[in-house]
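Summary of the model geometry
If you want the building blocks of each chain, they are given just below.
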Amino acid sequence: ALHANTVASDAATHISSKRRQREAPRQHLAARRPGCSPKSEHLAESTRRQRRAADAAAHHKTRRNMERLVMPVVRAGAGIFGVSLIGSSCLYNVEGGHRAVMYDKIRGVLPQSVGEGTGFKIPMVQEPHIMDVRSRPKEIRSITGTKDLQMVNIYLRVLSRPRVDKLPVIFQKYNTNWEDRIIPSIGNEVLKSVVAQYNAEQLLSMREQISTQIRSTLTKRADNFDIILDDVSITHLVFGKEFSGAIEQKQVAQQEAERQTYIVAKAEQEKKASVIRAEGEAAAAEIISRALEECGTGLIEVRRIDAAKEVAESLSRARGVTYLPSGGQNGGSNLLLGLSDR
């Protein structure tokens, strides 16, 4: 309102000054006119007074019109400014999956958290702190020793969230970054205590059992801090270079032992085959001897003829040998001639 009055007053003063500048030359000419009577001067003075009165009335009317136009705008702007000031200083929003812990400068942290939506606070006295109550993943890395003094690097993934009814207590003790203060410390402690109970080979063969034990132990430890663990799992197991080399050497030795076992089994089978073959040959020789005793040399002649036929067939297929059959029924025997390229 004061600003509007000032603007209207300045406009009226500017208009009156312009009019005075236009009337000044006329007054100067009238004052310099010779032979002016007092009556005419009185009339001129009254005319000037009337004009000044009219100018004042017009200035007052213009000022009132300006006030009528400016005052609603000023009042609306003041109202909007007041509403925005009250909204920014007295209201706050809590997004989905979050809770607000109210800190009162008089009473301290209030025992109840505020749920989702828009809340009211006392300006300059109360201050809301927004906390995320959704499950969030956290990866823990720990280098620890096993029961057989082997170093192993374990990566553990934890899904955690705070208890909603214990948010004021968690805020008082650990602030809003409770996850970075609690999870790594208890995670490393539990990993070292559980892994120390097993050998390095058992970490691979009993991985599911070890993961279950880590989950149960870590859940109990987190419950003391009012934290809920939705999931705990081992993502990576990295052993030292010495243990990895020992595992590789062991695998090579096992493969070599399996190969030697196969060689021994093969030799045993060959031995059995040789025995069976010798037994078969002995039985065949015995049968042949018995046949010779009973039939004379007929069997030997048959064998000789068979051998001769096999030799003749093989030689007939050779490139440098030509087969000449006998000339007649009582002719000579068949001939095989060796022919060279010369």
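In what follows, the structure referred to is the one given above.
Figured I'd write up the structure that's included with this text. For every chain, the first residue of its written sequence is number 1, and the numbers climb from 1 along that sequence. Local features are withheld for residues below a pLDDT of 70 in this predicted model, meaning they are given only at 70 or higher, and side-chain atom pairs are given and counted only at 80 or more; totals for whole chains, interfaces and linings count all residues. Excluding hydrogens and water, the side-chain values take into account all heavy atoms of the structure.

Looking at the overall build of the protein
Secondary structure assignment for the protein yields eight helices and 10 strands. Taking the contacts inside the protein whose residues are at least 6 apart along the sequence as the reference set, 62% of them involve residues at least 24 apart. Residue burial considers only the protein chains on display, and all accessible areas are found by Shrake-Rupley using a 1.4 Å probe. For the protein, the accessible surface area stands at approximately 24,300 Å², while carbon and sulfur atoms represent 55% of it. Helix and strand definitions follow DSSP, with helices as H or I runs of at least four residues and strands as E runs of at least two, each counted in order from the N terminus. The contact criterion used throughout is that any non-hydrogen atoms of two residues lie within 4.5 Å.

A word on the environment of Asn188
Residue position: Asn188 is located in helix H4 (residues 178–195). Along the sequence, Asn188 and Ile140 sit 48 residues apart, while their C-alpha atoms lie 7.4 Å from each other. Among all residues touching Asn188, those that are not within four sequence positions of it are Ile140, Arg141 and Ser142. From its side chain, Asn188 meets the backbone oxygen of Pro184 in a polar contact 2.7 Å long. N or O atoms closer than or at 3.5 Å make up a polar contact, with two conditions inside protein: a donor-capable atom paired with an acceptor-capable one, and, for residues adjacent in sequence, both atoms drawn from side chains.

Focus: helix H6 (residues 207–223)
A helix is expected to span 1.5 Å multiplied by its residue count minus one. For H6, built from 17 residues, the straight-helix expectation of 24 Å at 1.5 Å per residue is met to within 8% by its first-to-last C-alpha distance of 24 Å. Among the residues making up H6, those that are buried are Ile210, Ser211, Ile214, Leu218 and Ala222. Angular distribution of buried residues about the axis of H6 spans 95 degrees; they occupy a single face of the element. Facing away from the buried side of H6 by more than 90 degrees, the exposed set consists of Glu208 and Lys220. Buried residues are those whose accessible area, probed at 1.4 Å on protein chains only, stays under 20% of the maximum for their type, while exposed residues exceed 50% and partly exposed ones sit between those limits. By arc we mean the arc of the directions from the helix axis to the C-beta atoms, nothing more.

A short note on the sheet that holds strand S2 (residues 98–104)
Strands were regarded as paired on the criterion that DSSP finds at least two bridges between them. One open sheet accounts for three strands, arranged S3-S2-S5; its pairing is antiparallel. On the outer flanks of this sheet lie strand S3 (108–109) and strand S5 (126–132), each paired with one strand and no other. Of the strand pairs in this sheet, S2 and S5 are connected by seven bridges, and their pairing is antiparallel. Residue pairing in the sheet places Val101 in a bridge with His129 of S5.

Points about the nonpolar core
Ranked by internal contacts, the top residues of the largest apolar core, which has 34 residues, are Leu156, Leu203, Ile214, Leu218 and Leu229. At the level of elements, strand S7 (151–162), helix H3 (167–174), H4, helix H5 (200–205), H6 and strand S8 (227–239) are the ones that each hand at least two residues to this core. Among the elements that line this core, the one with the most residues is H4, at eight residues. Contact partners of Leu156, with chain neighbours within four places excluded, come to Lys138, Glu139, Ile140, Leu191, Ile214, Leu218, Val232, Ser233, Ile234 and Thr235. Of all hydrophobic cores here, the second largest spans five residues; its members include Tyr92, Ala100, Met102 and Leu110. Joining through side-chain atoms within 4.5 Å is the link that ties buried Ala, Val, Leu, Ile, Met, Phe, Trp, Tyr and Cys residues into a set, and such a set is a nonpolar core.

Brief notes about unusual backbone geometry
The bulk of non-glycine residues show a negative phi, and the bulk of peptide bonds are trans. Residue Met124 is not a glycine yet carries a positive backbone phi of 70 degrees. Topologically, Met124 is positioned in the loop between strand S4 (117–120) and S5. Phi is positive for Asp226, close to 60 degrees, though the residue is something other than glycine. Relative to the elements of secondary structure, Asp226 occurs in the loop between H6 and S8.

With respect to H3
Within the sequence span of H3, burial applies to Leu167, Pro168, Ile170, Phe171 and Tyr174. For H3, the angular spread of buried residues about the axis comes to 165 degrees, placing them on one side. Structural note: H3 exposes Gln172 and Lys173 on the side pointing more than 90 degrees away from its buried face. Tucked into the core, H3 has its buried residues touching S2, S3, S5, S7 and H4.

Notes on the side chain of Ser142
Structurally, Ser142 can be placed in strand S6 (residues 136–145). Residue class for Ser142 comes out buried when judged on its relative accessible area of 2%. At a separation of 3.4 Å, a polar atom in the side chain of Ser142 contacts the side chain of Asn188. Dropping the residues within four chain positions of it, Ser142 is found in contact with Val152, Asn153, Ile154, Asn188, Leu191 and Lys192.

Observations concerning the pairing of strand S1 (residues 91–94)
A one-sided burial pattern is seen for S1, the buried positions being Tyr92 and Val94 and the unburied ones Leu91 and Asn93. For S1 and S4, the ladder comprises four bridges, and the chain directions are antiparallel. Bridging from a neighbouring strand, Tyr92 pairs with Gly119 of S4.

Regarding the pattern of salt bridges
Where side chains of opposite charge bring their charged atoms close, a pairing between them can arise. In the sections that follow, a salt bridge refers to a side-chain nitrogen of Lys or Arg positioned within 4 Å of a carboxyl oxygen of Asp or Glu. Here the structure, examined in full by the defined rule, presents nine salt bridges. In this structure, the salt-bridge partner of Arg221 is Glu189, at a minimum N-O distance of 3.0 Å. Highlighted residues: Arg221 in helix H6 and Glu189 in helix H4, separated in sequence by 32 residues. Under the relative-accessibility criterion, Arg221 is labelled partly exposed at 25%.

So, a nonpolar patch on the surface
A cluster of nonpolar residues, Leu91, Phe120 and Ile122, forms a patch on the protein surface that exposes about 300 Å² of accessible area. Positionally, Phe120 belongs in strand S4. In this analysis, a patch consists of residues with relative accessible area above 30% that form no salt bridge, clustered at 9 Å for like charges and at 5 Å for the nonpolar side chains Val, Leu, Ile, Met, Phe, Trp and Tyr.

A short note on the packing of H3 against H4
For helices, the fitted line uses only the C-alpha atoms of the stretch in contact; every axis is such a line through C-alpha atoms, and the angle between N-to-C directions lies from 0 to 180 degrees. Where H3 contacts H4, the two axes come as close as 9 Å, and the packing angle between them is 85 degrees. On the basis of their axis angle, the class for H3 and H4 is roughly perpendicular. Between H3, through Ile170, Lys173 and Tyr174, and H4, the contact on the second element is made entirely by Trp178, Arg181 and Ile182. Side-chain classes are defined by residue name, with Ala, Val, Leu, Ile, Met, Phe, Trp, Tyr, Cys and Pro counting as nonpolar, Asp, Glu, Lys and Arg as charged, and the others, Gly among them, as polar. Among the residues forming the contact of H3 with H4, the class breakdown is four nonpolar, no polar and two charged. Note that the term roughly parallel is reserved for angles under 35 degrees, roughly antiparallel for angles over 145, roughly perpendicular for angles of 65 to 115, and oblique for everything else.

As far as function goes, none of this settles anything; it's purely spatial.
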